[in-house]
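Single-letter residue listing:
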Amino acid sequence: MIVLVVTGLIDNCNTESNRLTGFEGSGDLDITISNCGVKNNGDFGIFVYDEFSISLASITNNIIQNNSGSSQACAGLSVEGAVKASVHHNNLDQNYIGIRVLNNTEISNFEYNTITNCNAWGIHIDNSS
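About the criteria used
Residues numbered from 1 in each chain as written. Predicted model: local features only at pLDDT ≥ 70, side-chain atom pairs only at ≥ 80, totals over all residues. Heavy atoms only, no water. Helix = DSSP H or I, 4+ residues; strand = E, 2+ residues; numbered from the N terminus. Buried < 20%, exposed > 50% of the residue type's maximum accessible area, 1.4 Å probe, protein only. Core = buried A, V, L, I, M, F, W, Y, C linked by side-chain atoms within 4.5 Å. Contact = heavy atoms within 4.5 Å. Pairing = 2+ DSSP bridges. Axes fitted to C-alpha atoms, helices over the stretch in contact; angles between N-to-C directions.

Caption draft 1: Expanded view of unusual backbone geometry. Backbone geometry places Val5, a non-glycine residue, at a positive phi of 50°. Mapped onto the elements, Val5 comes out in the loop between strand S1 (2-4) and strand S2 (7-11). Residue Val5 is classed as exposed on the basis of its relative accessible area, which comes to 58%. In the Ramachandran plot, Asn35 falls in the positive-phi region, its phi being about 60° despite a non-glycine side chain.

This is the structure:
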């Protein structure tokens, strides 16, 4: 699922066993992703990013499992660029990296997430607020 320049809610859905990313969003987002199962995707489970505007993303109460099995650049959940994210109460299990925050210029909040059984890092933060 790819969304660009969108406002809305993605709730109670499953995105599983995709060759690349389960959910990808960018470009002036104001989105909530909640109560979803994001499992067995080849690259990222959930990947939100913005290069030119400021996006808002609330990512809550999701099960993000077994994504990015062997890619050192991919994670169960990744927030990049100008995204103000509120990420809480997610269960991340068996991802290569649990949560990756890269070049995040907006102040984001990550709390009450459970991260287990990662192949590399539970949390990887680089050049972020």
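Next comes the rest of the write-up.
Caption draft 2: Expanded view of the nonpolar core. Grouped together as the largest cluster of nonpolar side chains are 21 residues, with contacts concentrated most on Phe23, Ile31, Ile33, Ile46, Val48, Ile59 and Leu77. At the level of secondary structure, the elements contributing two or more residues to this core comprise strand S5 (30-34), strand S7 (46-60), strand S9 (77-88) and strand S11 (99-102). Here the element with the most residues in this core is S9; it accounts for 5 residues. If near-sequence neighbours (up to four positions away) are discounted, Ile46 is found in contact with Phe23, Ile33, Val38, Ile59, Ile64, Gly76, Leu77 and Ser78.

Caption draft 3: Geometry of the sheet that holds strand S13 (residues 114-116). The strand order across the open sheet built from 5 strands is S3-S6-S8-S10-S13, with neighbouring strands paired in parallel fashion. With one partner strand each, in any of the chains shown, strand S3 (14-16) and S13 form the two edges of the open sheet. Direction aside, the axes of adjacent strands within the sheet are offset by 5° on average. Where strand S8 (residues 63-65) meets strand S10 (residues 91-93), 3 bridges bridge the pair, whose relative direction is parallel. Considered in S10, the bridge of Ile64 is made with Leu92.

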